[in-house]
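Here's the letter readout for the chains.
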Amino acid sequence: MEKIDAALGGALRKRVEDLAGESDAKPAYVKARAAKEALEKRNLDAGQGFREKLRTLAEVWVEADVAWQGRKWGEAVSACGKVQAACLELEKLETSRKAAKTRREESEKAKQEAEQAGSASDAKELFDTGGRASSRAAGLFEKGSFDEAGKTWQEATASYSNALMNTRAVQAKRAADAIPTLTLECNVPGARISDGQREV
């Protein structure tokens, strides 16, 4: 009889521990699943290093789900923490990537304005500096260095904007130089005109 009571007590204790573990793990599992599903709905582009990070997320999700299904609560909580961390990292990277794309669009607009004004010839050095910065930014972007890419595209935008201002100044000077010099005639007897000191 004592053996039966001990066995029942042990089974009961194990069931209580299992329920307590499930109670602790459930919030982590629910949060991890919600974070993963929200990220999946965003349908993130796999470029710029995201493919590997998305693969890592899928792997840790499988780990969390297997632990959950196997009622290995400690492992489930740990894996769910990894899922949430991976989701958070991807969210931050996506925010940085979007900001960098905005800087790229601004740079492309500034380049187009400078190009249309003739900056490629009238302010060649500044225009070329913008081009080099833009190329460097594109390389950084593809490597997943979104913050650096954004800063570099801002540098390109500044170069293109300066090129545009210089172009306008050069073109204004060119236009001013093209205006013929006015010659004044004076019909006043005895007056002298400064360019030839001619008397009338």
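Our structure is the block above this text.
Residues numbered from 1 in each chain as written. Predicted model: local features only at pLDDT ≥ 70, side-chain atom pairs only at ≥ 80, totals over all residues. Heavy atoms only, no water.

Colleague: What's the story with the nonpolar core in this structure? I'm lost.
Modeller: Nonpolar side chains in soluble globular proteins generally cluster together in the buried interior. Among the nonpolar cores identified, the biggest contains 26 residues, and L57 and V83 are the most heavily contacted of them. When residues of this core are traced back to their parent elements, those giving at least two are α1 (2–41), α2 (50–69), α3 (73–117), α5 (124–142) and α6 (146–178). At 9 residues, the largest contribution of residues to this core is made by α3. In this view, L57 contacts L39, V83, A86, C87 and L90; residues no more than four positions away in its chain are not counted. One finds A110, A114, A123 and A133 within the second-largest nonpolar core, a separate group that totals 9 residues. (Core = buried A, V, L, I, M, F, W, Y, C linked by side-chain atoms within 4.5 Å. Buried < 20%, exposed > 50% of the residue type's maximum accessible area, 1.4 Å probe, protein only. Helix = DSSP H or I, 4+ residues; strand = E, 2+ residues; numbered from the N terminus. Contact = heavy atoms within 4.5 Å.)

Colleague: Please explain the packing of aromatic side chains as it appears in this structure.
Modeller: Aromatic ring pairs: the centre-centre distance and the angle between the two ring planes describe each pair. On inspection of all chains with the given rule, the structure shows 7 aromatic pairs. Centre to centre, the rings of Y29 and W68 are 4.4 Å apart; their planes meet at 10°, and the pair counts as stacked. Residue Y29 is located in helix α1, and its partner W68 is located in helix α2; the two are separated by 39 residues in the primary sequence. In terms of burial, Y29 and W68 fall into one category: buried. Measuring from ring centre to ring centre gives 6.1 Å for F50 and F146, while their planes differ by 55°; the resulting arrangement is tilted. Of this pair, F50 sits in helix α2 while F146 sits in helix α6, and the two are 96 residues apart along the sequence. By way of ring pairs, the aromatic residues Y29, W61, W68 and W73 are connected into one cluster. (Phe/Tyr/Trp six-rings, centres within 6.5 Å; stacked < 30°, edge-to-face > 60°.)

Colleague: Sorry if this is basic, but what is going on with the environment of L57 here?
Modeller: The topology assignment puts L57 in helix α2. The exposure class of L57 is buried, given its relative accessible area of 5%. For the pair L57 and K82, spaced 25 residues apart in the sequence, the C-alpha separation amounts to 8.1 Å.

Colleague: What am I meant to see in the packing of α2 against α3 here?
Modeller: Two numbers describe a pair of packed helices, the interaxial angle and the distance between the axes. Where α2 contacts α3, the axes come no closer than 8 Å and their chain directions differ by 160°. Viewed along their axes, α2 and α3 adopt a mutual orientation that is roughly antiparallel. As α2 packs across α3, the resulting crossing turns out to be left-handed. Across the contact of α2 with α3, the residue classes break down as 17 nonpolar, no polar and 7 charged. (Axes fitted to C-alpha atoms, helices over the stretch in contact; angles between N-to-C directions. Parallel < 35°, antiparallel > 145°, perpendicular 65-115°, else oblique. Left-handed = near helix turned anticlockwise from the far one by under 90°. Nonpolar A, V, L, I, M, F, W, Y, C, P; charged D, E, K, R; others polar.)

Colleague: Sorry, what's going on with the environment of E22 here?
Modeller: Relative to the helices and strands, E22 is located in helix α1. Along the backbone, E22 and R71 are 49 residues apart, and their C-alpha atoms lie at a distance of 7.4 Å. Look past the residues within four positions of E22 in its chain and what remains in contact with it is W68, R71 and W73.

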